[in-house]
Amino acid sequence: MTKEMPDHHDAELVLRAYELRRESVMRDARNLINGQFWPKSYEDLVAVTKFDHPMNASYRQVATYWEMIYGMVKHGIVNADYFLESNGEGFLLFAKVFPYLEQYRKDISPYAFTNAEWATKECVYGRKVFAMFQARVAQMAATR
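Computed from a predicted structure; not experimentally measured.

A. Local environment of empty space enclosed by the protein. Scanning all chains against the criterion turns up one cavity of 30 Å³ or more. Reported here for the largest cavity is a volume of approximately 40 Å³. Contributing to the lining of the largest cavity are Ala-63, Trp-66, Glu-67, Tyr-70, Gly-90, Leu-93, Phe-94, Phe-113 and Ala-116. Elements supplying a minimum of two residues to the lining of the largest cavity: helix H4 (56–74) and helix H6 (90–97). The leading source of residues in the lining of the largest cavity is H4, at four residues. When its residues are assigned to classes, the lining of the largest cavity shows seven nonpolar, one polar and one charged.

Here it is in structure tokens:
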């Protein structure tokens, strides 16, 4: 279910999502997860889900924020392509988790990243941005 044409309500939601990304705690969490979280194994991913891990709070904040954002797309609240044109950053985290997603869902949460996955499979712009981030993550993994 997607909304066919964007309108001023979509623009308001895009701007609000951007405002929330600029909030200082969220910005710090995004910087940490986007810049320093590079899981090389399933164990690295699971480690960040433990409450005593130094990146746990940031991981939870960033992952749930983007799931909420992509849920608005999945449920047709906003026009998908219009919204994803400026809200693709969450696909970076999804690309980092993706190689371990099946096991993660078995062990941690069966519903983890379902909205991000939907947006990367069902939205033209989502597929393009996700492919870009997958290539970037693969490149970074090769250099680390």
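B. The packing of aromatic side chains, seen in detail. The tally for this structure, following the rule as stated, stands at 10 aromatic pairs. Between the aromatic rings of Phe-91 and Phe-130, the centroid separation amounts to 6.4 Å while the plane-to-plane angle is 75°, which identifies the pairing as edge-to-face. One end of the pair, Phe-91, is in helix H6; the other, Phe-130, is in helix H9 (residues 124–143), with 39 residues separating them in the sequence. For Phe-130, a relative accessible area of 7% corresponds to the buried category. Members of the aromatic cluster, connected to one another through ring pairs, are Tyr-65, Trp-66, Tyr-70, Phe-91, Phe-94, Phe-98, Tyr-104, Phe-113 and Phe-130. In this arrangement the basic side chain of Lys-96 is found over the ring face of Trp-38, its NZ or CZ atom lying 3.8 Å from the centre.

What counts as what
- Residues numbered from 1 in each chain as written.
- Predicted model: local features only at pLDDT ≥ 70, side-chain atom pairs only at ≥ 80, totals over all residues.
- Heavy atoms only, no water.
- 1 Å grid on protein atoms, 1.4 Å probe; cavity = no way out; pocket = protein on both sides within 12 Å on 5 of 7 lines; lining within 4 Å.
- Points joined across faces, edges and corners; volume = space filled by probe spheres on them.
- Helix = DSSP H or I, 4+ residues; strand = E, 2+ residues; numbered from the N terminus.
- Nonpolar A, V, L, I, M, F, W, Y, C, P; charged D, E, K, R; others polar.
- Phe/Tyr/Trp six-rings, centres within 6.5 Å; stacked < 30°, edge-to-face > 60°.
- Buried < 20%, exposed > 50% of the residue type's maximum accessible area, 1.4 Å probe, protein only.
- Lys NZ or Arg CZ within 6 Å of the ring centre and 35° of its normal.

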